[in-house]
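# Report on the structure
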Amino acid sequence: FSERVDSWLDDEDEEADENSVEGLRIAEDVSNGTARVLCTRCFSLTNYGRIKSAMAEAALPEFDLAKRVGRKLALQRFRRSVVLCVVDAADFDGSLPRNALRALLPAAGQAAADAPQLVMAINKVDLLPTQATPLRVQAWARRRARQGGLPQPARVALVSAASGTGVPSLLRTLHEEVGGRGDVWVVGAQNAGKSSLINAMRRAVGKGDIKAEITTAALPGTTLGMLKVPGVMPPKCKMFDTPGVPHKFQLTSRLSADEVRLLLPRRRLRPRTYRLGEGQSLLMGGCARVDILSSPGATLYLTVWASDDVICHFGRTDSADERLEKHSGVTLVPPLGGPERREELGPLVADDVDITGTSWKFSTVDVAIAGLGWLGVGVAGNALLRVWAHKGVAVTTREALL
Ligand code: GDP
């Protein structure tokens, strides 16, 4: 869709492109002497890294993934279907599109032999610390899928679209799963790196042509309709890209492009560990706060796994409100833009989390804040934490990843 629309879309497959250019104006980019047609939105993304006009944004058609892709999957006879779900390793719980997967795949334990298969690609593994070994992450992801009521993935692949790690192996997996005749549907939450991974797969099969690369950006909703991705799958097999699933419960979905850039980690996550006691609080930018309500007789260690650009600060709980009031959006970033922006985003709301720990040497529980990252909580006893985030941002307690 983004460029060379004609070569990207399959003329025989009317549905594949029906949403792609609807409601969008076309702009011509003649900057390098070769005229190419881009929609206003892609032109802005390519040239300015942002969406220029609110009108282009407002004109975006809604895409009902469950209905549109679900119908296609139901109609597939004599073809194998694979749903390739791209998840962000640095924001697993925030980026796992549970509802979309539940709508597209048979419930756990009810799969017929010809039912679509799930392949989970955990992307951005270049960001995970080295102690997150592949076996550990794969087993953990399978358990998280089971706990979330999702069907067991046929495969869990660890990949990095940025470095290309794991991409050839993912391609082999997809080829095996679709067999000689079948389709791969690529789904994922916005910003999980779906477009980057598709480009990496195209590069890996030698079809990567920089002019034809689909647009990737730290902005939600870069792909608008179902698109056929040429060249990745063997003959008689097709790959389709689908629009990023919007996750309103991810912090990233409500921040500006500049703020999102601060949240998306640019290098391997480094642990930032804080030793806290009762009556102390940790602030993560102006976007999240953790108060230690009680940790009887035990010191508690909080390890922040988030982008380096999220500025953390700890101090007394009774001055936390005042510090947020004064510094959120100024020195405590993100957000960016001082008191006005803080007002716009609304107040942080509290959620109490009960922790029963066994050893402070290892994080016993993770508290994941969708779109921001996660906190490893290590405590040699019980503790009660109060986790604050913007209203609607999901806070999840889960088995520790590390
Ligand atoms: P989409 O919305 O799912 O299509 O996501 P994009 O492909 O546009 O990627 C969203 C952001 O994640 C961009 O800033 C990418 O540069 C970044 N990203 C994508 N893949 C990787 C990866 O493997 N590693 C890292 N570190 N960043 C990635």
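Residues numbered from 1 in each chain as written. Predicted model: local features only at pLDDT ≥ 70, side-chain atom pairs only at ≥ 80, totals over all residues.

What follows deals with the overall build of the protein chain. Across its full length, the protein chain carries 13 helices and 18 strands. Relative to its full complement of 402 residues, the protein chain shows a buried share of 45%. Long-range pairs, those at least 24 residues apart, make up 71% of the contacts in the protein chain with a sequence separation of at least 6. (Helix = DSSP H or I, 4+ residues; strand = E, 2+ residues; numbered from the N terminus. Buried ≥ 20, exposed ≤ 12 C-beta atoms within 10 Å, placed from the backbone. Contact = placed C-beta atoms within 7 Å.)

The next subject is the packing of helix H9 (residues 167–178) against helix H10 (residues 194–204). Between H9 and H10, whose axes approach to 9 Å, the crossing angle comes to 90°. Classified by the interaxial angle, the pair formed by H9 and H10 is roughly perpendicular. Residues Val167, Pro168 and Leu171 of H9 lie in contact with H10, whose contacting residues are Ala200, Met201 and Ala204. A class-by-class count of the residues in the contact of H9 with H10 yields six nonpolar, no polar and no charged. (Axes fitted to C-alpha atoms, helices over the stretch in contact; angles between N-to-C directions. Parallel < 35°, antiparallel > 145°, perpendicular 65-115°, else oblique. Nonpolar A, V, L, I, M, F, W, Y, C, P; charged D, E, K, R; others polar.)

Another point: the sheet that holds strand E17 (residues 382–390). On the basis of which strands lie adjacent, the open sheet formed by five strands has the order E13-E10-E11-E17-E14 and antiparallel pairing. Edge positions in the open sheet fall to strand E13 (312–316) and strand E14 (348–356), since each of these has one partner strand only. In this sheet, adjacent strand axes meet at a mean angle of 20° when their direction is disregarded. Here E14 pairs with E17 via nine bridges, running antiparallel. Paired with Thr356 across the two strands is Asn382, which belongs to E17. Along the sheet, helix H12 (residues 320–327) contacts strand E10 (280–284), strand E11 (288–294) and E13; its crossing angle with E10, the most-contacted strand, is approximately 20°. (Pairing = 2+ DSSP bridges.)

On to unusual backbone geometry, then. Residue Pro334 is reached from Val333 by a cis peptide bond, and omega for that bond is -15°. Summarising the element assignment, Pro334 is placed in the loop between H12 and helix H13 (338–345). With a phi angle near 75°, Asn191 is a residue other than glycine that sits in the positive phi range. Summarising the element assignment, Asn191 is placed in the loop between strand E6 (182–188) and H10. A count of 29 C-beta atoms within 10 Å places Asn191 in the buried class. Unlike most non-glycine residues, Lys236 shows phi in positive territory, near 75°.

A separate point is the domain arrangement of the protein chain. If you check the domain split of the protein chain, you get domain 1 (63–247) and domain 2 (261–399). The distance between the C-alpha centroids of domain 1 and domain 2 comes to 30 Å. The interface is formed by 14 residues belonging to domain 1 together with 14 residues belonging to domain 2. Among the secondary structure elements, those contributing two or more residues to the side of domain 1 that touches domain 2 are helix H6 (92–95) and helix H8 (134–147). Here the side of domain 1 that touches domain 2 takes three residues from H8, the largest share from any one element. Considered class by class, the residues forming the side of domain 1 that touches domain 2 number six nonpolar, three polar and five charged. (Domains from an automatic or database assignment.)

Attention shifts here to the pairing of strand E4 (residues 117–123). Burial runs high along E4: seven of the seven residues are buried. Pairing of E4 with strand E5 (residues 155–158), which is carried by four bridges, proceeds in the parallel orientation. Bridge pairing links Met120 to Val156 in E5. In terms of handedness, the path from E4 via H8 over to E5 forms a crossover that is right-handed. (Right-handed = clockwise from strand over helix to strand, strands pointing away.)

To continue, consider the environment of Asp354. Summarising the element assignment, Asp354 is placed in strand E14. On a C-alpha basis, the gap between Asp354 and Gly376 in space is 14 Å, while along the polypeptide they are 22 residues apart.

Ranked by internal contacts, the top residues of the largest apolar core, which has 94 residues, are Leu84, Cys85, Ala121, Ile122, Val159 and Ile369. For this core, the domains that each give at least three residues are domain 1 (63–247) and domain 2 (261–399). Residues in contact with Ala121, not counting those within four places in the same chain, are Leu84, Cys85, Val86, Ala157, Val159, Leu170 and Leu197. (Core = buried A, V, L, I, M, F, W, Y, C linked by C-beta atoms within 7 Å.)

Here the focus is the sheet that holds strand E9 (residues 272–276). Pairing within the open sheet is antiparallel, and its five strands lie in the order E9-E12-E16-E15-E18. The outermost strands of the open sheet, each flanked by one partner alone, are E9 and strand E18 (395–399). Each neighbouring strand pair of the sheet contributes to a mean axis angle of 25°, computed without reference to strand direction. Inspection of the sheet shows strand E15 (residues 365–369) paired to E18 by five bridges, in the antiparallel sense. Residue Val365 lies in a different strand from E18, and its bridge partner there is Glu399.

Overall, the prediction assigns the protein chain a mean pLDDT of 82, with 77% of residues at 70 or greater. Within the model, pLDDT remains below 50 along residues 1–35, and this stretch shows 66 contacts once partners closer than five positions in the same chain are excluded. pLDDT under 50 marks residues 48–60. Its contacts with residues more than four places away, or in other chains, come to 21 contacts. For this predicted complex, the interface score ipTM comes out at 0.99, alongside a pTM of 0.84. (pLDDT = per-residue confidence, 0-100.)

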